[in-house]
Amino acid sequence: SQRTVALGENGKASVLVVGEGNKVERKDVTLDRAGGDRWIVNSGLEAGARVIIEGRQKARDGDVVKAVEFAEEGEKPAATATKG
C-alpha cells in the first residue's frame, strides 16, 4: 500500500523489510505508478520479501522484530505473533 512506501527528500522511495535474523532492513525501490491505494514496484524487492506494512513508523533499520504474516483481506492470517 502507499503507506508502506517512504518517499525521501531526494525523491527516492524505500520500504522496510524483515531480513535475515528478523532484522529490519531499508530497501530502495523504483516505483512505476500508483494503482488505487497501492504502488507498483518495478525493482528493488525480490520475490518473497517480507515488507513491513504495520508499525513502519516505529521500526528502524537494524532493529530486531517479531514478524507476523498477514493474509489478503478477508483471509485468516498465515501466522500470528505470541507475546514472549
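Throughout what follows, the structure given in this document is the object of discussion. None of these values were measured; they are calculated from a predicted model.

Observations concerning the overall build of the protein
Consideration 1: From N to C terminus, the protein includes zero helices and four strands.
Consideration 2: Counting from the amino terminus, the protein carries its helices and strands in the arrangement β-β-β-β.
Consideration 3: By the burial criterion, 17% of the 84 residues in the protein qualify as buried.
Consideration 4: Summarising the internal contacts of the protein: among those between residues at least 6 apart in sequence, 46% fall at separations of at least 24.

Comments concerning the layout of surface pockets
Consideration 1: Estimated volume of the second largest pocket: approximately 170 Å³.
Consideration 2: Lining the second largest pocket are 14 residues, and of these Ala 6, Ser 14, Arg 26, Asp 28 and Arg 56 sit closest to its centre.
Consideration 3: Mapped onto the lining of the second largest pocket, the elements with two or more residues apiece are strand 1 (6-7), strand 2 (13-18) and strand 3 (24-35).
Consideration 4: A per-element tally of the lining of the second largest pocket places strand 2 first, with three residues.

Describing a nonpolar patch on the surface
Consideration 1: On the surface, a nonpolar cluster with roughly 260 Å² of combined accessible area is contributed by Ile 53, Val 68 and Phe 70.
Consideration 2: Within the secondary structure layout, Val 68 lies in the segment after strand 4 (38-43).

Digging into unusual backbone geometry
Residues apart from glycine generally show negative phi values, whereas peptide bonds are mostly found in trans.
Consideration 1: Residues other than glycine seldom take positive phi values, yet Asn 22 does so here, at roughly 60 degrees.
Consideration 2: Following the sequence through the fold, Asn 22 ends up in the loop between strand 2 and strand 3.

Points about the side chain of Ser 14
Consideration 1: Along the chain, Ser 14 turns up in strand 2.
Consideration 2: On the basis of relative accessibility, which here comes to 7%, the residue Ser 14 falls in the buried class.
Consideration 3: With residues near it in sequence (within four places) discarded, Ser 14 still touches Thr 4, Val 5, Ala 6, Arg 26, Lys 27, Asp 28, Val 29 and Arg 56.

What counts, and where the lines are drawn
- Residues numbered from 1 in each chain as written.
- Predicted model: local features only at pLDDT ≥ 70, side-chain atom pairs only at ≥ 80, totals over all residues.
- Heavy atoms only, no water.
- Helix = DSSP H or I, 4+ residues; strand = E, 2+ residues; numbered from the N terminus.
- Buried < 20%, exposed > 50% of the residue type's maximum accessible area, 1.4 Å probe, protein only.
- Contact = heavy atoms within 4.5 Å.
- 1 Å grid on protein atoms, 1.4 Å probe; cavity = no way out; pocket = protein on both sides within 12 Å on 5 of 7 lines; lining within 4 Å.
- Points joined across faces, edges and corners; volume = space filled by probe spheres on them.
- Patch = residues over 30% accessible without salt bridge, like charges linked within 9 Å, V, L, I, M, F, W, Y side chains within 5 Å.
- Areas by Shrake-Rupley, 256 points an atom, 1.4 Å probe, with all protein chains shown as cover.
- Salt bridge = Lys/Arg side-chain N within 4 Å of Asp/Glu carboxyl O.

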